[in-house]
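Survey of secondary and tertiary structure
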Amino acid sequence: MTVSTADDPIKLAEFEARLERGETIEPKDWMPEKYRKQLIRMMSQHAHSEIVGMLPEGNWITRAPSLRRKMVLLAKVQDEGGHGLYIYCGTETLGIDREELVEQLLTGKAKYSSIFNYPTLTWADIGVIGWLVDGAAIVNQTMLAKTSYGPYARAMIRICKEENFHKRQGYEICTVMAKGTPAQRAMVQDAVNRWWWPSLMMFGPSDGTSPNSAELLRWRVKRETNDALRQRFVNLTIPQAQAIGLTVPDPDLRYNAETENWEFGAIDWAEFQAVISGNGPCNRERMAARRKAHDDGAWVREAAEAHAAKQAARSREHAA
Amino acid sequence: MSSETQWPLWEVFTQEGDAAPHEHAGSVHAVDAEHAMQNARDVYARRGKVVSLWVVPTASITASSPGDAGPLFDPGSDKAYRHPQFYKSPRGVKIF
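Treat the numbers as computed from the prediction; the structure is a model and nothing was measured.

Let's talk about the overall build of chain A
Looking only at helices and strands, chain A features 13 helices and two strands. The principal-axis extents of the C-alpha atoms in chain A amount to approximately 75 × 55 × 35 Å. Taking all 320 residues of chain A together, the buried fraction comes to 50%. Considering only intrachain contacts with a sequence separation of at least 6, the fraction spanning at least 24 residues in chain A is 77%. Of the roughly 15,100 Å² of accessible surface on chain A, a fraction of 56% belongs to carbon and sulfur atoms. Mean positive and mean negative side-chain charge positions of chain A (41 and 41 charges, respectively) differ by 4 Å.

Here we look at the pattern of salt bridges
As enumerated under the stated definition, the model contains 26 salt bridges over all chains in all. A salt bridge links A:Arg230 to A:Asp227; the nearest nitrogen and oxygen atoms lie 2.7 Å apart. Of the two residues, A:Arg230 and A:Asp227 both sit in helix H10 (residues 226-243), three residues apart, roughly one turn of that helix. On the basis of relative accessible area, A:Arg230 is assigned to the buried category, the value being 1%. By relative accessible area, which is 26% here, A:Asp227 ends up partly exposed. Put simply, B:Lys79 and B:Asp78 hold a salt bridge, and the shortest N to O gap is 3.4 Å.

Some thoughts on a nonpolar patch on the surface
Residues and elements named next belong to chain B. Judged by side-chain polarity, Tyr 81, Phe 86 and Tyr 87 come together as a nonpolar surface patch covering roughly 360 Å² of accessible area. With respect to the secondary-structure elements, Phe 86 resides in the segment after helix H2 (69-77). Under the relative-accessibility criterion, Phe 86 is labelled partly exposed at 45%.

Digging into the nonpolar core
Residues and elements named next belong to chain A. Counting 91 residues, the largest nonpolar core has Tyr 35, Tyr 149, Tyr 152, Trp 195 and Trp 196 as its most contacted members. Counting residues per element, this core draws most heavily on helix H6 (residues 123-144), at twelve residues. Beyond its immediate sequence surroundings of up to four residues, Trp 196 is in contact with Leu 132, Phe 233, Val 234, Thr 237, Ile 238, Val 248, Pro 249 and Asp 250.

About the thresholds
- Residues numbered from 1 in each chain as written.
- Chains lettered and ligands numbered in written order.
- Predicted model: local features only at pLDDT ≥ 70, side-chain atom pairs only at ≥ 80, totals over all residues.
- Heavy atoms only, no water.
- Helix = DSSP H or I, 4+ residues; strand = E, 2+ residues; numbered from the N terminus.
- Buried < 20%, exposed > 50% of the residue type's maximum accessible area, 1.4 Å probe, protein only.
- Contact = heavy atoms within 4.5 Å.
- Areas by Shrake-Rupley, 256 points an atom, 1.4 Å probe, with all protein chains shown as cover.
- Lys, Arg positive; Asp, Glu negative; His and termini not counted.
- Charge placed at Lys NZ, Arg CZ, Asp CG, Glu CD.
- Salt bridge = Lys/Arg side-chain N within 4 Å of Asp/Glu carboxyl O.
- Patch = residues over 30% accessible without salt bridge, like charges linked within 9 Å, V, L, I, M, F, W, Y side chains within 5 Å.
- Core = buried A, V, L, I, M, F, W, Y, C linked by side-chain atoms within 4.5 Å.

Take a look at the structure:
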């Protein structure tokens, strides 16, 4: 058991008894320092992922194949920004400022989901991201809606409600392309081939090797293991792929009638490690884009403050 | 300028439909009330349901603390006579 020496053992026992009873922890409640730290790490990573996740999809807004698809993609990317803000707001209740969290992202100190370091090469990638990436996110976020920290759970409930539209629109794009010309079919199959394994990696390391899992499970931050969630995602997704005549690039995939699981082949964890340590196909590009957006937006932040100061001065004058 | 991204914090309350209560939705950073209202609209009212928004400076909220919960709320939980189930009525009589 890893317990910070600063934590009062009596309070810790009370805290764990509360979790045992299934109670929710709120911002002003006592919590072990490690619980707070783990939540800040996990929630900020999640918020950063929403924000960085806007980039691969934003890449296709100007090239969406129809006005309908463009409206949908704009709305989806705006949602992702909103989701980032919900989670930043939840993270701030743990006593850390958003400014500091953003700083950690921009300096590379904080991580974000490995999936967003892959490129969106064709329009089919937008469909596959909605279907697989958002589909995987929904499986994870549905579990997190029952997390022990109240503000995180509430943000997840809000996000899950909106995320279903993301998945549906993605699956619709894939369905249309799968029923399209041979070239469209080939394009969507190619996108599935590229995104399948990175989507499975989104659930994080396997249970035996996940550095944080045991503690997060004990404190009910996570309610299920990475492997259990990954299996649920595969079980949900394979019938969806079959329904539209697409395959996943896994020669070992087979259905186990006894366990009712779709068993899948080995994940290339070396690739996962390379991507989360900064050497994925787009890590540098993503960070450069975030920093540029932050720097280019500085004048807006300054102008808003100047405007507010002027307004405040004016209303003081009127009052005098 | 004083800060990069750390405008003051505002708590947002949304009313989802006529006759519903305003409920806490989350928070936004904004320079003033008007700006907070715009940000709250963009962040917490992107879907149709919201009909009204409140924004309140977070610093203006006084909240009870978990440590006081016992003495603060006990008087509400030990008075069974404040509940209809406390009272007996003759069998067969329709009270409501």
